[in-house]
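Overview (structure and organization)
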Amino acid sequence: MAHRLGIFKGRLYDEWLPNFCNDGKRRHSLAGFKAESIKNTEFDASNFMRALDSGLVKDSGGGRYLSERSSAFEQIFWSGSKSIEPRPLTLWVDPVITIGTIARLGLDYGWPIY
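Bear in mind the structure is a predicted one, so any value in this text is a computation, not a measurement. (Residues numbered from 1 in each chain as written. Predicted model: local features only at pLDDT ≥ 70, side-chain atom pairs only at ≥ 80, totals over all residues. Heavy atoms only, no water.)

With 16 residues, helix 3 (residues 93-108) extends 22 Å from end C-alpha to end C-alpha; this agrees with the ideal 22 Å at 1.5 Å per step. All of the buried residues in helix 3 are Pro95, Val96, Ile99, Gly100, Ile102, Ala103 and Gly106. Projection of helix 3 onto a plane perpendicular to its axis shows the buried side chains occupying an angular sector of 140°, all on one side. Gly110 occupies a position one or two residues after helix 3 and carries a positive phi of about 75°. (Helix = DSSP H or I, 4+ residues; strand = E, 2+ residues; numbered from the N terminus. Expected span 1.5 Å × (residues − 1). Buried < 20%, exposed > 50% of the residue type's maximum accessible area, 1.4 Å probe, protein only. Arc of directions from axis to C-beta.)

Quick look at the structure:
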C-alpha cells in the first residue's frame with residue numbers, strides 16, 4: 001500500500017491542487033502550496049481515491065467535492081492569509097478522511113450511498 005500515498009501525492013499536484021487554485025473564484029498560485037501539510041496516512045489517502053474513483057464522491061468543480069446523499073460541499077485545501085504572496089495553501093486532513101470514510105462505508109460495508 002506504500003505506493004498509494006505516492007499516487008495520492010501525484011494526483012494532488014496534477015489534478016486536485018490545480019483544480020482548486022485555477023477556480024475562477026480563487027485564482028491562487030500553485031507555488032503557495034505547503035508540501036509539508038500532506039500528513040494523511042496511506043490508508044486515508046487510498047480511501048479518498050477510492051471514493052473519487054468509484055464515483056461515490058465527485059469533484060463538482062474547482063476542488064469542491066460532493067457526495068450523492070449530501071448537499072454540502074467539501075474542499076480538501078485550506079487557504080491562508082490573503083496578505084501573504086503567494087497565498088499559503090495547505091492540505092486539510094479532515095475532509096480527506098471524511099471523503100475516504102464514504103468509500104469505506106459504501107464499498108466495504110454496504111452503506112446505501114444513493
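Taken together, the side chains of Leu105, Tyr109 and Trp111 present a nonpolar region at the surface, about 320 Å² in accessible area. Tracing the backbone shows Trp111 in the segment after helix 3. (Patch = residues over 30% accessible without salt bridge, like charges linked within 9 Å, V, L, I, M, F, W, Y side chains within 5 Å. Areas by Shrake-Rupley, 256 points an atom, 1.4 Å probe, with all protein chains shown as cover. Salt bridge = Lys/Arg side-chain N within 4 Å of Asp/Glu carboxyl O.)

It is worth spelling out the pattern of salt bridges at this point. Within the structure shown, the criterion is met by seven salt bridges. A salt bridge links Arg64 to Asp23, with the nearest nitrogen and oxygen atoms 2.7 Å apart. Placement of the pair is Arg64 in the loop between strand 1 (57-59) and strand 2 (65-67) and Asp23 in the loop between helix 1 (2-21) and helix 2 (42-54), with a sequence separation of 41 residues. Looking at Asp23, the relative accessible area reads 14%, which means it is buried. Here Arg50 and Asp108 are joined by a salt bridge, their closest N and O atoms 2.7 Å apart. Taken as a pair, Arg50 in helix 2 and Asp108 in helix 3 lie far apart in primary sequence, 58 residues in all. Residue Arg50 is classed as partly exposed on the basis of its relative accessible area, which comes to 25%.

Here the focus is the nonpolar core. Core analysis: the biggest nonpolar cluster contains 26 residues, and Phe8, Leu12, Trp16, Phe48, Ile76, Phe77 and Leu91 have the highest contact counts within it. Mapped onto this core, the elements with two or more residues apiece are helix 1, helix 2, strand 4 (89-91) and helix 3. In terms of residue count, the dominant contributor to this core is helix 1 (seven residues). Ignoring anything within four residues of it in the chain, the contact list for Trp16 reads Phe8, Arg11, Phe48, Met49, Leu52, Tyr65, Ile76 and Phe77. (Core = buried A, V, L, I, M, F, W, Y, C linked by side-chain atoms within 4.5 Å. Contact = heavy atoms within 4.5 Å.)

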